[in-house]
Amino acid sequence: MSARLRRGLVVPVAVLGFAAAGCGSSIEGEAVAQSGQSDVGSVSSPGSGSASSASTDCAALTKALGRLVSDRPYLTEAVLPGSIDPTCSWSKGPTNVMSTITASVKPQVTDPAVLVEMRNGTNAVPDPRSAQFGGVVLDVVAMALLTPEHSIIVNALDPSVSDATKLDVAFAIAEYLEN
């Protein structure tokens, strides 16, 4: 993986002060996204080359994630300088930062051949669900799911949140974006 691509994935995560994720290993789970159609306005992000019309605002993602974030009712939406895509954080309380799960979704076109090659990298996490989306999972400070159309990065400050749960969130978001 090129240093430029690696920086592009790690820097936004580092800026948010995410805690380091565990070592990569094979993780299996089940995406549980609700339908991409929601009451919340379904508008694609500006500049998105995606055919998806699913909204990536935090209210829509909360609805799509359902039970994965239902125990964390406090939602914070932030947009980093230089970005138009929100970063969503769900926590158990308004001041309980250590209970936070954070996700960011960015429209990002990636050549499928590049994604295939990335599966051979040392930070690739073998997860059979990635094939459904033509993507790759990377353990890069956070858990990242890269698809041909999106970069989905999920992390948790809560040490009780496993890498498997982070990936469940990432795959639920990917499923929501496709529906």
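Criteria and cut-off values
Residues numbered from 1 in each chain as written. Predicted model: local features only at pLDDT ≥ 70, side-chain atom pairs only at ≥ 80, totals over all residues. Heavy atoms only, no water. Pairing = 2+ DSSP bridges. Helix = DSSP H or I, 4+ residues; strand = E, 2+ residues; numbered from the N terminus. Axes fitted to C-alpha atoms, helices over the stretch in contact; angles between N-to-C directions. Contact = heavy atoms within 4.5 Å. Disulfide = S-S within 2.5 Å. Buried < 20%, exposed > 50% of the residue type's maximum accessible area, 1.4 Å probe, protein only. Polar contact = N/O pair within 3.5 Å; in protein donor to acceptor, adjacent residues only side chain to side chain. Core = buried A, V, L, I, M, F, W, Y, C linked by side-chain atoms within 4.5 Å.

With that out of the way, let us pick up the sheet that holds strand β6 (residues 150–156). Strand order across the open sheet formed by six strands is β1-β2-β3-β6-β5-β4, with antiparallel pairing between neighbours. Of all strands in the sheet, those with a lone pairing partner are β1 (74–79) and β4 (136–140), marking the two edges. Shown here is a sheet whose adjacent strand axes are inclined to one another by a mean of 20 degrees, direction ignored. Both strand β5 (residues 142–146) and β6 contribute to a ladder of four bridges, which runs antiparallel. Across the sheet, Met-143 pairs through a bridge with Val-154, a residue of β6. Against the sheet, helix α2 (residues 58–65) makes contact with β1, β2 (86–91) and β3 (101–107), and its axis sits at roughly 50 degrees relative to β2, the strand it touches most. Contacts between helix α4 (residues 163–178) and the sheet are confined to β3, β4, β5 and β6, with β6 contributing the most and set at about 150 degrees to the helix.

For the structure on display, the rule yields one disulfide. Sulfur-sulfur distance for the disulfide between Cys-58 and Cys-88 comes to 2.0 Å. Handedness of the Cys-58-Cys-88 disulfide follows from its S-S torsion of about -95 degrees: it is left-handed. One end of the pair, Cys-58, is in helix α2; the other, Cys-88, is in strand β2, and 30 residues separate them in sequence.

Here we come to the pairing of β5. Of all five residues in β5, five are buried; the element is thus mostly enclosed. Residues Ala-142, Ala-144 and Leu-146 point to one face of β5 and Met-143 and Leu-145 to the other, with burial holding for every one of them. Turn length for the β4-β5 hairpin, with the two strands adjacent in sequence and antiparallel, is one residue, and the turn residue Val-141 shows positive phi of about 70 degrees. Connecting the antiparallel pair β5 and β6 is a turn made up of three residues.

Now for unusual backbone geometry. For residues other than glycine, phi is negative in most cases, and the peptide bonds are mostly trans. Here Val-141, not a glycine, exhibits a phi torsion of approximately 70 degrees, which is positive. With respect to the helices and strands, the residue Val-141 is situated in the loop between β4 and β5. Under the relative-accessibility criterion, Val-141 is labelled partly exposed at 30%.

On to the side chain of Arg-72. As for its position among the elements, Arg-72 is in the loop between α2 and β1. Take Arg-72: its relative accessible area is 5%, and that puts it in the buried class. Of the polar contacts made by the side chain of Arg-72, one reaches the side chain of Asp-158; its length is 3.3 Å. In contact with Arg-72, not counting residues within four places along its chain, are Trp-90, Ser-91, Lys-92, Ser-99, Thr-100, Ile-101, Asp-158 and Val-161.

Okay, the nonpolar core next. Grouped together as the largest cluster of nonpolar side chains are 31 residues, with contacts concentrated most on Leu-65, Trp-90, Ile-152 and Ile-173. Sorting elements by how many residues they give to this core places α4 first, with nine residues. In this structure, Trp-90 is in contact with Cys-58, Leu-61, Thr-62, Leu-65, Val-69, Arg-72, Tyr-74, Leu-75, Ser-99, Thr-100, Ile-101 and Ala-103, ignoring residues within four places of it in sequence. In this structure, Leu-138, Val-140, Ala-142 and Ile-153 belong to the second largest nonpolar core, which totals 10 residues.

Its location among the elements puts Thr-100 in the loop between β2 and β3. Residue Thr-100 is classed as buried on the basis of its relative accessible area, which comes to 8%. Among all residues touching Thr-100, those that are not within four sequence positions of it are Arg-72, Ser-89, Trp-90, Ser-91, Asn-155, Ala-156, Leu-157 and Asp-158. Engagement of the side chain of Thr-100 in a polar contact is seen with the backbone oxygen of Val-97, the distance being 2.7 Å.

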